[in-house]
Amino acid sequence: MVLKAEIHCHIEGAASPELVLAQARKYNVPTDDLIRGDSFIWHDFTTFLAAYDRAADLFRTEDDYARLAEHYLSSLARDGCIYSEVFTSPDHAVRAGLSPQAYTDALGEGMLRAKAKTGIEGRMIVTGVRHFGVESVEAAARFAAKCKHPLVSGFGMAGDERSGETEDYVRAFEIAREAGLGITVHAGEFGGWESVANALDHLRPSRIGHGVRAIENPDLVRRIADSGVVLEVCPISNIELRVYPSLDEHPFPALHAAGCTLTLNSDDPPFFRTSLKREYEIAEKQFGLSTRQLQKITRNALEVAFVDRQTRRELLARLDASVKLR
Ligand SMILES: Nc1ncnc2[nH]cnc12
Ligand SMILES: [Zn+2]
């Protein structure tokens, strides 16, 4: 099995329908309009975000969040994943009635439990939600900068990238950068290539969440390839959210051929009926990547992971050992 690493997954979006149903029973909340069979109910980006918020609302205590993180990272480890970075959201914690610190500590506890059971290494990227506004994203950055949790190593921004001007978020990213956190930002998913260029110009991330619509501008593709900025590509998410009509139209192969550094990720796996394993399978079967190229995708993720030097060395050594064994 090719070892895997994931650097773009929203923890609230990683809750399986089974787990969400168990939470709904616990809190006596009806789910008829949230889950049908084994799928979440939504049909576009707006209704997806609403379903995501409703599922998140069923995680209310520290124990709930610890179980969510343990559950997700353990499932990744079963599929050969050795490293997982999850996006966390202080805004969702507050909505659920928990302090951002209690929420972060609980997720960290769940990640450590998964590591004790399976060896998977985990980190958290605190995110602001762009369409909640500049003040809320700055509050998330201030929390990320001061929380000092050993597993919080990055800051990012998710949500609707068409909301607000990118320049308005500069201060939030400066707060995070000054605190020594790694920087990533969602762009080039629902916004076009200009959104990616703006993010690079103003927020100076080392990684872009999605970024696939950079393909609309060949100069920008060259800039990304030359700069080494890494794209956190989530192919099935892009199809399910109708960024592209089908995998045949997905720009992964073109970005790869142009020399961009790419990673594979699941984004919100049960919402999109995917998993990290499935993303690697699609890269192999649909995009034609060889085993060596899939291993390079994992290497790309480990090389840009928001971890200290020693942890990176250990993770790369695990990957290298698995490559030699094949
Ligand atoms: N695909 C996505 N794009 C933007 N924000 C998100 N939050 C959760 N999933 C997201
Ligand atoms: Zn995302």
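Residues numbered from 1 in each chain as written. Chains lettered and ligands numbered in written order. Predicted model: local features only at pLDDT ≥ 70, side-chain atom pairs only at ≥ 80, totals over all residues. Heavy atoms only, no water.

Undergrad: Would you mind going over the layout of surface pockets in detail, with residue names and values included?
TA: Empty space within the largest pocket amounts to approximately 340 Å³. Around the largest pocket, the lining is made up of 15 residues, and of these Ser 16, Pro 269, Pro 270, Thr 274 and Ser 275 lie nearest the centre. Secondary structure elements with two or more residues in the lining of the largest pocket: helix 1 (17-27) and helix 3 (62-78). When residues in the lining of the largest pocket are grouped by element, the largest group, four residues, is from helix 3. Of the residues belonging to the lining of the largest pocket, the class tally is seven nonpolar, five polar and three charged. (1 Å grid on protein atoms, 1.4 Å probe; cavity = no way out; pocket = protein on both sides within 12 Å on 5 of 7 lines; lining within 4 Å. Points joined across faces, edges and corners; volume = space filled by probe spheres on them. Helix = DSSP H or I, 4+ residues; strand = E, 2+ residues; numbered from the N terminus. Nonpolar A, V, L, I, M, F, W, Y, C, P; charged D, E, K, R; others polar.)

Undergrad: Could you give me a rundown of empty space enclosed by the protein, with the residues and numbers involved?
TA: For the coordinates displayed, the defined rule picks out one cavity of 30 Å³ or more. Space inside the largest cavity adds up to approximately 250 Å³. In this structure, the largest cavity is lined by 24 residues; those nearest its centre are His 10, Leu 49, Tyr 52, Ala 158 and Gly 159. Among the elements of the structure, helix 2 (45-56), strand 4 (81-88) and strand 5 (121-129) are those that each provide at least two residues to the lining of the largest cavity. For the lining of the largest cavity, the element with the highest residue contribution is helix 2, accounting for five residues.

Undergrad: Give a description of the nonpolar core that names residues and reports values.
TA: Counting 97 residues, the largest nonpolar core has Val 20, Tyr 65, Phe 155, Phe 173, Ile 208 and Phe 271 as its most contacted members. With sequence-adjacent residues up to four places away left out, Tyr 65 is seen in contact with Glu 12, Ala 56, Phe 59, Arg 60, His 92, Ala 96, Leu 98, Tyr 103, Ala 106 and Leu 107. With 14 residues, the next largest nonpolar core counts Ala 301, Leu 302, Val 304 and Ala 305 among its residues. (Core = buried A, V, L, I, M, F, W, Y, C linked by side-chain atoms within 4.5 Å. Buried < 20%, exposed > 50% of the residue type's maximum accessible area, 1.4 Å probe, protein only. Contact = heavy atoms within 4.5 Å.)

Undergrad: Can you break down the pattern of salt bridges residue by residue, with the values?
TA: Two side chains of opposite charge can pair, provided their charged atoms sit close to one another. All chains considered together, the criterion is met by 23 salt bridges. One salt bridge connects Glu 109 with Arg 113, and the closest N-O pair in it is separated by 3.4 Å. Residue Glu 109 and its partner Arg 113 are located together in helix 5 (residues 100-118), separated by four residues, close to a single helical turn. The class of Glu 109 is partly exposed, set by a relative accessible area of 38%. (Salt bridge = Lys/Arg side-chain N within 4 Å of Asp/Glu carboxyl O.)

Undergrad: Break down the site of ligand 1 for me, citing the residues and quoting the values.
TA: In the neighbourhood of ligand 1, the contacting residues comprise His 10, Phe 45, Phe 48, Tyr 52, Ala 158, Gly 159, His 186, Glu 189, His 210, Leu 241, Asp 267 and Asp 268. Measuring from a nitrogen atom of ligand 1, one finds a side-chain N or O atom of Asp 267 at 2.8 Å. Side-chain polar atom of Asp 268 to a nitrogen atom of ligand 1: 2.8 Å apart, as the coordinates give it. Summarising the interface, the protein chains cover 97% of the accessible area of ligand 1, which totals 270 Å² for the free molecule. More than half of the atoms belonging to ligand 1 lie within 2 Å of the grid points that define the largest cavity. Top contributing element to the shell around ligand 1 by residue count: helix 2, with three residues. When its residues are assigned to classes, the shell around ligand 1 shows five nonpolar, four polar and three charged. (Near = heavy atom within 4 Å. Polar contact = N/O pair within 3.5 Å; in protein donor to acceptor, adjacent residues only side chain to side chain. Areas by Shrake-Rupley, 256 points an atom, 1.4 Å probe, with all protein chains shown as cover. Sits in = over half its atoms within 2 Å of the grid points.)

Undergrad: Would you mind going over the UniProt feature "active site" (unreviewed entry) in the protein in detail, with residue names and values included?
TA: With numbering aligned to this structure, UniProt lists the feature "active site" (unreviewed entry) at Glu 189. Relative to the helices and strands, Glu 189 resides in the loop between strand 7 (182-187) and helix 8 (193-203). The buried category is assigned to Glu 189, whose relative accessible area is 4%. Those residues in contact with Glu 189 that sit more than four places away from it in its chain are Glu 161, His 210, Arg 213, Ser 237, Asn 238, Leu 241, Val 243 and Asp 267. Polar side-chain contacts of Glu 189 include one of 3.3 Å to the side chain of His 210. (UniProt positions renumbered as here; feature names shortened; annotations may be inferred.)

Undergrad: Explain the packing of aromatic side chains residue by residue, including any values.
TA: Using the criterion set out here, one finds 13 aromatic pairs in the structure. Considering the side-chain rings of Phe 59 and Tyr 65, the 6.0 Å spacing of their centres and the 45 degrees angle between planes classify their relative orientation as tilted. Of the two residues, Phe 59 and Tyr 65, neither departs from the other in class, the shared state being buried. One aromatic cluster in this structure is built from Phe 40, Trp 42, Phe 45, Phe 48, Tyr 52, Phe 190, Phe 271 and Phe 272. Above the plane of the ring of Tyr 280 lies Lys 4, whose end atom (NZ or CZ) is 5.6 Å from the centre. Across from the ring centre of Tyr 27, 4.6 Å away, lies the NZ or CZ of Arg 60, which sits over that ring. (Phe/Tyr/Trp six-rings, centres within 6.5 Å; stacked < 30°, edge-to-face > 60°. Lys NZ or Arg CZ within 6 Å of the ring centre and 35° of its normal.)

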